[in-house]
Amino acid sequence: MLALEATPAEIDELDQCQRDALDACVIAAMTLCTREGDARGRARLLMECHGRYTRSWGVFGKAASFPAFLNQLQSAPVGALLPGPASWSEIWEVRLLENDGTATATLTRLIMEASGQAHEVPGLSADLRHLHSVLRALGKLPPGARLARIAAEAVQHAVFRTLQQAGFAAYTEGRRTLVNEPVLGRRALSRYALLTDLGVYTGISPVRQFASQWAPCPLCKWTMRATPRGRHSAELACEDERHRQRGARFKMESDDGQWRLKPLGEIREKPELRPVEGWIALSYGLWQWITIPGLLEIDLEALVHGAGADVRLWPFGDSYDLHITKNGITWRVDVKTWADPQGIAEQMRADPEGCSGLTVVIPEHLRGYTAVLNRVLGPFGARVITDLDLVVEVRAA
Ligand SMILES: [Zn+2]
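Predicted, not measured: the structure shown is a model, and the values here were computed from it.

Some thoughts on the overall build of the chain
Then, number 1: A tally of helices and strands in the chain yields 16 helices and 14 strands.
Then, number 2: Looking at the chain residue by residue over its 397 residues, the buried ones come to 53%.
Then, number 3: Taking the intrachain contacts of the chain between residues at least 6 apart in sequence as the baseline, contacts between residues at least 24 apart amount to 60%.

What follows is the structure, encoded as structure tokens:
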């Protein structure tokens, strides 16, 4: 699959009928590729999705029949499934399922933002239920809210604000732990009382374990997704597309009753297999929106420090991530590893004073989004550049 990522920004390009159709396709595709749950429940969910899909095409539309719908979900790009005219959106070209019937990275991301019905998809419900329970515990889940619009910004905000209430040291340490330790041994729990009170760690997800074992991604240390290949082997790979491309992919197999990992990519050093019992991990949304950007924030801290700047990571009580100064120039940097103009704009509207002069930094692979993000955020006095641009600017200062 191409390294494309469907982001909420792209979904915003779709009209309401297309969004409804996409929502139904996403839930149906995830239902098709999961092995959990009973067959009758899955068939019922697939038929409901097809009903919603047909309605999204309108009275005069020619929606695919049920068998054709299932067929297209397995083999066609998203564009072939949506009603109405094609937008420029890259989402048109991506597929929801790989040739072997497993979920593409795009599908995994989209399902987190799909309608409330996503809860019914076996296998995924654990991640969604956990994210909702964390948000509810923090008092941040408006009744009836669609996950798509409370996603990234709201989750970060809720967790960080709650950590801040415990004071500066606990805030910094808690945030660092969420980035550096996305999985914890249950025995280590007592050391992280604040985080365990928040309930941000939970049991290892069923979709990221095989034969009651799991393994950490060598790049982010989070639990890799386990895709069974028959009863006696599985493929373990990080949910992050870029980590997979860099080699976070392994085959898990056993010959003599002993499970082993074999590299499938360029990373030769194999992570250790661990028993599911005794470990707890962040769920998908928290890893995606806190751990992944956090890794970039920590990288940037080192890079701009190396470029001769003074840098403060996660300045307490502020709505940005890095405070950088060099030769009288100051950068207030907010790191985003997703491109969601509407979500970011909503957050800025909530804190208009914090945005003026803000530098929003996105990773290099999202460079294509800088123009649209600048159009949306410019009126708030913020600008958008990539991580490489920032390092170049700081070096030149
Ligand atoms: Zn990873």
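A short note on the coordination of the zinc ion
Four donors placed tetrahedrally about a metal ideally form angles of 109.5 degrees, and six donors placed octahedrally ideally form angles of 90 or 180 degrees.
Then, number 1: The coordination sphere of the zinc ion contains the protein donors Cys217 (SG), Cys220 (SG), Cys238 (SG) and His243 (ND1), at a distance range of 2.1 to 2.4 Å.
Then, number 2: Every donor counted, the four donor atoms about the zinc ion form angles of 105 to 112° at the centre, which fits tetrahedral coordination.
Then, number 3: Along the chain, the residues that donate to the zinc ion are spaced as C-x2-C-x17-C-x4-H.
Then, number 4: Residue classification places Cys217 among the buried positions, given a relative accessible area of 1%.

Focus: helix α2 (residues 16-33)
Then, number 1: In a regular helix each residue adds 1.5 Å, so 18 residues correspond to 26 Å; α2 covers 26 Å between its end C-alpha atoms and thus fits that length.
Then, number 2: Buried residues dominate α2, accounting for 13 of its 18 residues.

Section: the sheet that holds strand β4 (residues 225-228)
Then, number 1: Taking strand neighbours across the sheet as the criterion, the four strands line up as β4-β5-β6-β7 in an open arrangement whose pairing is antiparallel. On the outer flanks of this sheet lie β4 and β7 (259-263), each paired with one strand and no other. Sheet twist, expressed as the average angle between the axes of neighbouring strands with direction ignored, equals 30°.
Then, number 2: In the sheet, strand β5 (residues 233-237) pairs with strand β6 (residues 249-254) via five bridges, with the strands oriented antiparallel. Across the sheet, Glu235 pairs through a bridge with Lys251, a residue of β6.

Remarks on the packing of α2 against helix α3 (residues 39-56)
Then, number 1: Interaxial distance between α2 and α3 falls to 8 Å at its minimum, and their mutual angle equals 165°. Taken as axis vectors, α2 and α3 run roughly antiparallel relative to one another. Crossing of α2 against α3: the hand is left-handed. Contacts between α2 and α3 pair Cys17, Asp20, Ala21, Asp23, Ala24, Cys25, Ile27, Ala28, Thr31 and Leu32 from the former with Arg42, Leu45, Leu46, Cys49, Arg52, Tyr53 and Ser56 from the latter.
Then, number 2: In terms of residue class, the contact of α2 with α3 is made up of 11 nonpolar, two polar and four charged.

Details of unusual backbone geometry
Then, number 1: For Ala211, which is not glycine, the phi dihedral falls at a positive 50°.
Then, number 2: Among the structural elements, Ala211 can be located in the loop between β2 (201-203) and β3 (213-214).
Then, number 3: Of the residues examined, Ala211 reaches a relative accessible area of 40% and is grouped as partly exposed.
Then, number 4: Positive phi outside glycine occurs at Asn327, with the angle close to 45°.
Then, number 5: Its place among the elements puts Asn327 in the loop between β11 (322-326) and β12 (329-335).

Description of the sheet that holds β11
Then, number 1: In space, the five strands of this open sheet follow the order β10-β11-β12-β13-β14, with mixed pairing throughout. With partners counted over all chains shown, the strands left at the sheet margins are β10 (310-313) and β14 (383-386), one partner each. Strand-to-strand twist across the sheet, computed as the mean angle between neighbouring axes with direction ignored, equals 30°.
Then, number 2: Note: strand β13 (residues 358-362) against β14, four bridges, orientation parallel. From the neighbouring strand, Ile362 faces β14, where its bridge partner is Thr386.
Then, number 3: Packing of helix α15 (residues 370-377) onto the sheet brings it into contact with β13 and β14, and relative to β14 it is tilted by some 160°.

Cut-offs and rules
Residues numbered from 1 in each chain as written. Predicted model: local features only at pLDDT ≥ 70, side-chain atom pairs only at ≥ 80, totals over all residues. Heavy atoms only, no water. Helix = DSSP H or I, 4+ residues; strand = E, 2+ residues; numbered from the N terminus. Buried < 20%, exposed > 50% of the residue type's maximum accessible area, 1.4 Å probe, protein only. Contact = heavy atoms within 4.5 Å. Donors = N, O, S within 2.8 Å, 3.2 Å for Na, K, Ca; no water. Tetrahedral: all angles 85-135°; square planar, octahedral: opposite > 155°, others 65-115°. Expected span 1.5 Å × (residues − 1). Pairing = 2+ DSSP bridges. Axes fitted to C-alpha atoms, helices over the stretch in contact; angles between N-to-C directions. Parallel < 35°, antiparallel > 145°, perpendicular 65-115°, else oblique. Left-handed = near helix turned anticlockwise from the far one by under 90°. Nonpolar A, V, L, I, M, F, W, Y, C, P; charged D, E, K, R; others polar.

Function cannot be read off these values alone, since they describe shape.
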